[in-house]
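Structure at a glance
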Amino acid sequence: MATFARPENALKRAEELINVGQKQESLEALHSFITSRRYRAWTRTHEKIMLKYVELCVDMRRGRYAKDGLIQYRGICQQVNITSLEEVIKHFMQMATEKAELARNQAHALEEALDVDDLEADKRPEDLLLSYVSGEKGKDRSDRELVTPWFKFLWETYRTVLEILRNNSRLESLYAMTAHRAFQFCKQYKRTTEFRRLSEIIRNHLSNLNKYRDQRDRPDLAVPESLQLYLDTRFEQLKVAAELELWQEAFRSIEDIYGLMCMVKKKPKASLMVIYYSKLLEIFWMSSSHLYHAYAWFKLFMFQKNFNKNLTHKDLQLIASSVVLAALSVPPYDRSYGASHLELENEKERSLRVGNLISFDVESKPENKEVLSRSSLLLDLVSKGVMTCVTQEVKDLYQILEHEFFPLDLALKVQPLLTKISKLGGKTASASSVPETQLSQYVPFIEKLAALKLLQQVSQLYQTISIDNLSTIIPFFDFSTLEKISVDSIKYNFLTMIVDYRKSAIFFGSKSLESEGLRDHLSVFAASLSKARVMIHPPAKTTSKLEDRVSDLAEVIEKEHRRLLARKSIIEKRKEEQERQLLEMEREEEAKRQKLQKITEEAEQRRLATEFEQMKNQRILREIEERELEEAQALLQEAEKRGKKKGKKPVLEGEKITMKTLMDLAHSEQLREKQETEKKVQKLAKTMDHLERAKREEAAPLIEAASQRRLVEEEAMHKYEQQQEIAMSRERHAGDLEEKRRLGRLLENKQILHEKVLSHRMAEYKRLKEEKEERINQIIRSRKQEREAKRKMIYFLRSEEEKQKRFREEEEARKLEEMERRKKEDAERKAKLDEIAEKQRQRELELEEKEIKRRDELLRKSSSMFSKTETPALTHPADAKPAVPVAVDATPSTGKYVPRFRMAAEGGGGQAPPTADKWSTGSRMDDHPPQQSDRWRDDRRPSFGGGGSSSRQSWSSTRARGDR
C-alpha cells in the first residue's frame, strides 16, 4: 500500500496515473489512502480526493469500491463536516445518472435494452449460449451490452447511498431525496422487481430504527420535520406502486404509513389523508373488496367535504353518488355463514386489520373497534348527510333497492335509472386526489344486487315460479348467469330455492332444507323425545324449601351481580393504576437513559475534540518540520551547485550533519551570498549614478529649447479658444432672449393658475382644519363625560361602602345590646326562680309540721276506738259492720290502691273517714304503690297512714314543676 506525506500528494499521484491511462492503479491508490488509518483528520483535500474517487468508480462501474470508500469517508467527516459527505453523495448520484442517460441516448431501442427481469441477476447461461450460437451481432445485442450495465450500476448506486444514509438524523433530507429518485427510476423504466426490493429496504431501515433506539445520531420521529420526511417518502412509494399497478405492494405501503403513525400517535395532514384514502379505494377495487372500497369512498367523501374549501357542488355530488353506489355494490349477505372456526378467526383478524387502516384511529382500544358491515355503512350514509348530496337518479335507486317492495316491477324501475347513471361521471376539477370518477363501473354490481333483491321478494310472494317467467322479469342476465348468482346467495343463506329442470320451475321454501336438517337430525330427535317424556311423566312439584330458596334467589343474584361489578371496577382501577405506574417508570427510565446518553455524547464529543486538536497540532508541527527540512535541503543543494560552478568544495559530508547543522550551514551560506550581492549592487549603483549625471548634463539645453517652443504654441492655442468661447456665448444669449419673448405670453395664464391652485388648497386646508377641530372637540366632550361618569361611579361606590360600614356598625351594636339584655333577663329570671324555690321550701316545711300533728291526732283516735270494740265483733266479722278506720288501715297493710266507692261499699255505707281532706286526695288518685325509698317510711315506718307522705311529695313536686 502506497503511503503519502500529505493528502495533496495522493491526489497529485492519482491525477498523474489518470493522465497516463492507468485508472485502475489510480483508483487503488485513492482507495488505499481513504481506508488508511493514518489520514483520519478531515481536510478540504479529502473532499477533493473523494470527488475524484467517485468519478473513477463511476467511469469504471466499480460499485463495491464506491460503497467501501463512502463508508470510510462517512466515518472521517461524520462529526466534523457532514455536509461534505452530502456533496460527495450528490456528485456520485449525478455522475451515475448522467452516464446512464448518456448510454440510453446512445441506444435506439430502450425497451429491448431494458428487457431484463432482474437488474441484480447475472447473465444467464442460456443467454451466453444463445449469443454465441446465433451469432447475433446486430444493434439489439449492442444496445443490451451498452445500456443494461449502466442501469444496473445506477440501481446499485441508489442501494449504496440508501444503505450509507440510513438512520442518520443529519442526512434525513438527502435520504428522502435519494428514495424519491429511486422511486422515479422504477416508475420511469417500469422496474417492478427493483421497486419491491426498494420498498423492502426502506421498510427494514424503519424497523432497525425502532429496534436500535440507543444508536447515536438516530432520527427522532417525534420531530415534525423528520416525521414529514418519512411520511413523504411513504406516500411517494404508495403513488408509484399504484402507477406500476403493484397493488399488493401498495397495500403494504398503506400498512407502513399506518404503522408509522401508530409509532408517533399522530395523524397526518388532511391533504395527505385524502391521497391515502384515494389510493386505498383503488386497492380495494382491484381486490374486489367492495365493502372496504365503499368505506374508503365514505372516508374520502368526509375529508373532501370538511377540508376542501374549493370543492364545487358538481364534484361533491359526483363523489357522494360514487359513495352510495359503492355501498350498494356490496353483496347483501354475510359470507361468514357456514365457515369453519379457523376461517372465521382469519376473517375476523383481517376485518380488524382493514378496519384499523380505514378508520385510521391510532389510539383506539380493541373493545371500541367499529364493526364494518353493509347495514352500518348505509346507516352512516343517511346519518352523515351523504344522501342529501347525491343525484336524483342515485337517490331513487337507493330508495327502490333498500326500502320498496316491487316483486315484479323492480327490474323495470331500476333499468332506466342504471342507464342514466352509466352516463354520469368525468373529471373532477376541484378534487385533485380523485382526477376522474366513472359511475358506470358500479352498474354490473347494482344489476346483480337488483337480481338478488328481486329473487328475495319473489320468494316472499310465491312458492313456485317458472324459469321463463323469472327470466322475463329479470332482463339483466340470462338464466345461467342468474343461476350462478343464486348459488352464491344460497351458499351464504340469503335465499332458499330449488331449480327443477324437468318441470322447468323454481321452488322457494323455508330456510331449513333437507341438506341442512340432516346435519342436526339427532339433536332434533333427542329434543322431541325429551318433550314427550316430560308430557308422559311430568316432574314432581318442588318442596316449599325450594320455593323459599327461589324467592331469595333474585336478591342473591342481584347482590352477586353488584359484587362482581364492583370487583370488575376494582380490577379495572388496579389495571389502570398499574399501567400508569408502568408508564411513569418507563418515562423515568427514558429520562434517565436520555440524560445518560447526553452525558456520554458530551464526553465523546469532548474526547473527539481533544483528539482532533492533538492530531491537528501534531500534523502542523510535522508539516512545519518537513517544510523547514525541505527548504534547508534546497538551500544547501543550490549552495553546492554554485560551489561546484565556482570550483569550491561541497558543503555536505555524508550523514554526520544534523538538522541544526544543515540549518546553520544554509543560513551562513545565504548570508554570505547576500553580502556578495550587496557589494555588487553598490558597485553597480555607483556606475549608474555617474552615467545618469552625464546624460542629464547633455540633455539640459535641449529640454530648455523644447520648453520655449511649447510656451509659444500654448499661448496661440489659448487665444483661439477664447475667441471661440465669446462667439458661442453671444449665440446662446440671443437664443435665451428669443425664448424669453416666446414664454412671456404665458405669464398671465400662469398667474391665474397659481391663484386658482392656492385658493383651492386654502379651502381644503380650512375644511380639514375645521374637521380636525370638530374631532378634537368631540374627543374632549367624550372624555369629559367619561370623567364625569367615573366620578359619579366612584362617589356611588364610596357612599355604598359607607352605608355598608354604618350598617355593620349598627348591627354589631344591636347584637351587643341584645346580648347584654339577655344576660340581664337571665340574671332576673334566676333570682326570681331562687325566690320561688325558697318560698316553696318554707311551705313544704309548714305542711310537714301540719301532717305530723294530724298523724298524732289520728293515732290517738284509733287507739281509743280499739279499746271500746267488743269481742264478738272480732270473732264474727261477717255479721258486724267494720269501722271505717279498719278499712282505712287495710289499704296500707295490703299495699294496693282501693277506690272510694269500694271503700264505701265495704264500710256498709257509713260516713267517710274523718282523715279525708284536700291534702290526702293525691294518694287515692295515684295508681302506683308508694316508693320504698320514701323518707317517712325510712324514718318511722308506721303501720298505717302511709299515703299522706306520698301525696305530699307528689303535690310538692307538681307544685314545684308548675312554678318553674
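Residues numbered from 1 in each chain as written. Predicted model: local features only at pLDDT ≥ 70, side-chain atom pairs only at ≥ 80, totals over all residues. Heavy atoms only, no water.

Each helix and strand in the chain was counted, giving 33 helices and 5 strands. Counting every position in the chain, which comprises 964 residues, the buried fraction comes to 29%. Taking the contacts inside the chain whose residues are at least 6 apart along the sequence as the reference set, 74% of them involve residues at least 24 apart. (Helix = DSSP H or I, 4+ residues; strand = E, 2+ residues; numbered from the N terminus. Buried < 20%, exposed > 50% of the residue type's maximum accessible area, 1.4 Å probe, protein only. Contact = heavy atoms within 4.5 Å.)

The next thing to look at is the environment of Ile-201. Counting through the fold element by element, Ile-201 comes out in helix α10 (residues 192-211). Classification of Ile-201 by relative accessible area gives buried; the value is 15%. Placed 39 residues apart in sequence, Ile-201 and Leu-162 show a C-alpha to C-alpha distance of 8.5 Å.

On the surface, a cluster of nonpolar side chains totalling about 250 Å² of accessible area is made up of Leu-408, Leu-461 and Tyr-462. Counting through the fold element by element, Tyr-462 comes out in the loop between α20 (443-461) and β3 (464-466). Of the residues examined, Tyr-462 reaches a relative accessible area of 33% and is grouped as partly exposed. (Patch = residues over 30% accessible without salt bridge, like charges linked within 9 Å, V, L, I, M, F, W, Y side chains within 5 Å. Areas by Shrake-Rupley, 256 points an atom, 1.4 Å probe, with all protein chains shown as cover. Salt bridge = Lys/Arg side-chain N within 4 Å of Asp/Glu carboxyl O.)

Taken together, Glu-625, Glu-628, Glu-630 and Glu-631 make up a surface patch of like negative charges. Relative to the assigned elements, Glu-630 resides in helix α25 (residues 544-646). The exposure class of Glu-630 is exposed, given its relative accessible area of 53%. (Lys, Arg positive; Asp, Glu negative; His and termini not counted. Charge placed at Lys NZ, Arg CZ, Asp CG, Glu CD.)

Read from one edge of the open sheet, 3 strands run β3-β5-β4, paired in antiparallel fashion. Single-partner strands in this sheet number two, and they are β3 and β4 (497-500). Neighbour to neighbour, the strand axes of the sheet diverge by 20° on average, direction disregarded. Examined bridge by bridge, β3 and strand β5 (residues 505-508) share 3 bridges and lie antiparallel to one another. Looking at β5, one finds that Ser-466 is bridged to Ala-505. (Pairing = 2+ DSSP bridges. Axes fitted to C-alpha atoms, helices over the stretch in contact; angles between N-to-C directions.)

Here the focus is the pairing of β4. A regular strand places its side chains on the two faces of the sheet in alternate fashion. Across 4 bridges, the pairing between β4 and β5 is antiparallel. Note that in β5 the partner of Ile-498 across the bridge is Phe-507. If you look at the hairpin formed by β4 and β5, you'll find 4 residues sitting between the two strands, and Ser-504 has a positive phi there, around 55°.

Evaluated as defined, the whole model comprises 42 salt bridges. A salt bridge links Asp-59 to Lys-99, with the shortest nitrogen-to-oxygen separation between them at 3.4 Å. Of this pair, Asp-59 sits in helix α3 (residues 44-60) while Lys-99 sits in helix α5 (residues 82-106), and the two are 40 residues apart along the sequence. Close ionic contact of Arg-672 with Glu-676 constitutes a salt bridge, the shortest N to O distance being 2.9 Å. Highlighted residues: Arg-672 and Glu-676, both in helix α26 (residues 659-743), separated by 4 residues, approximately one helical turn. The class for Arg-672 is partly exposed, based on a relative accessible area of 26%. Each member of the salt-bridge network shares a partner with another, and the members are Glu-200, Arg-203, Glu-249, Arg-252 and Asp-256.

What follows covers the packing of α3 against α5. Their axes nearest at 10 Å, the elements α3 and α5 cross at an angle of 25°. Comparing their axes, α5 and α3 come out roughly parallel. Every pair of crossing elements has a handedness; the one defined by α3 and α5 is right-handed. In this structure, α3 contributes Glu-47, Met-50, Leu-51, Val-54, Glu-55, Val-58 and Asp-59 to the contact, and α5 contributes Ser-84, Glu-87, Val-88, His-91, Phe-92, Met-95, Ala-96 and Lys-99. (Parallel < 35°, antiparallel > 145°, perpendicular 65-115°, else oblique. Left-handed = near helix turned anticlockwise from the far one by under 90°.)

For the rest of this paragraph, the subject is the packing of aromatic side chains. For the structure shown, the criterion picks out 16 aromatic pairs. With a centroid separation of 5.3 Å and 70° between ring planes, the pair formed by Trp-285 and Tyr-442 is classed as edge-to-face. Here Trp-285, found in helix α13 (residues 270-286), pairs with Tyr-442, found in the loop between β2 (436-438) and α20; they are 157 residues apart in sequence, far enough to count as distant. Since its relative accessible area comes to 22%, Trp-285 is described here as partly exposed. Residue Tyr-442 is classed as buried on the basis of its relative accessible area, which comes to 0%. What links up through ring pairs into an aromatic cluster is the set Phe-151, Tyr-158, Phe-185 and Tyr-189. Here the basic side chain of Arg-61 rests over the ring of Trp-150, its NZ or CZ set 4.9 Å away from the ring centre. The positively charged end of Lys-413 is found above the aromatic ring belonging to Phe-406, 4.8 Å away from the centroid. (Phe/Tyr/Trp six-rings, centres within 6.5 Å; stacked < 30°, edge-to-face > 60°. Lys NZ or Arg CZ within 6 Å of the ring centre and 35° of its normal.)

What follows is about unusual backbone geometry. We note that Arg-61 has phi near 55°; this positive angle belongs to a residue other than glycine. Turning to its location among the elements, Arg-61 is positioned in the loop between α3 and α4 (63-77). Judged by its relative accessible area of 38%, Arg-61 is partly exposed. The phi dihedral of Ser-504 is positive, around 55°, even though this residue is not glycine. The topology assignment puts Ser-504 in the loop between β4 and β5. You can call Ser-504 partly exposed: its relative accessible area is 32%.

Another point: helix α12 (residues 247-264). The end-to-end C-alpha distance of α12 is 26 Å, a good match for the 26 Å that 18 residues give at a rise of 1.5 Å each. Of the positions making up α12, those classed as buried are Glu-249, Ala-250, Phe-251, Ser-253, Ile-254, Asp-256, Ile-257, Tyr-258, Leu-260 and Met-261. One or two residues past the end of α12 sits Lys-265, with phi positive at roughly 55°. (Expected span 1.5 Å × (residues − 1).)

Relative to the 22 Å expected for 16 residues at 1.5 Å per residue, helix α15 (residues 313-328) spans 22 Å between its end C-alpha atoms, a close match to the ideal helical length. Across the 16 residues of α15, 13 count as buried, placing the element largely inside the fold.

Attention shifts here to the side chain of Arg-203. Here Arg-203 shows up in helix α10. A polar contact of 3.2 Å, which involves the side chain of Arg-203, links it to the side chain of Glu-249. Not counting chain neighbours up to four residues away, the residues in contact with Arg-203 comprise Gln-237, Glu-249, Arg-252, Ser-253 and Asp-256. (Polar contact = N/O pair within 3.5 Å; in protein donor to acceptor, adjacent residues only side chain to side chain.)

A word on the packing of helix α9 (residues 172-188) against helix α11 (residues 224-243). Running from N to C, α9 and α11 point in directions that differ by 5°, and their axes come no closer than 10 Å. Taken together, α9 and α11 sit at an angle that is classed as roughly parallel. Between α9 and α11, the contacting residues are Glu-172, Ser-173, Ala-176, Ala-179, His-180, Phe-183, Gln-184 and Lys-187 on the first element and Ser-226, Leu-229, Tyr-230, Asp-232, Thr-233, Glu-236, Gln-237, Val-240 and Glu-243 on the second. For the contact of α9 with α11, the residue count by class is 6 nonpolar, 6 polar and 5 charged. (Nonpolar A, V, L, I, M, F, W, Y, C, P; charged D, E, K, R; others polar.)

As for its position among the elements, Ser-329 is in the loop between α15 and α16 (341-359). Judged by relative accessible area, Ser-329 falls into the buried class, the value being 5%. With 113 residues separating them in the primary sequence, Ser-329 and Tyr-442 have C-alpha atoms 6.6 Å apart. Residues contacting Ser-329, with those up to four places away along its chain left out, are His-290, Tyr-442, Phe-445 and Ile-446. A polar contact of 2.7 Å, which involves the side chain of Ser-329, links it to the backbone oxygen of Leu-325.

In the predicted model, the chain carries a mean pLDDT of 77, and 77% of its residues have values of at least 70. Ranking the elements of the chain by mean pLDDT puts helix α29 (residues 884-894) last with 40 and helix α27 (residues 747-868) first with 90. The low-confidence segment residues 132-139, where pLDDT is below 50, has 7 contacts with residues more than four positions distant or belonging to other chains. In the predicted structure, residues 649-656 sits below a pLDDT of 50 and forms 7 contacts with residues beyond four places in sequence or in another chain. (pLDDT = per-residue confidence, 0-100.)

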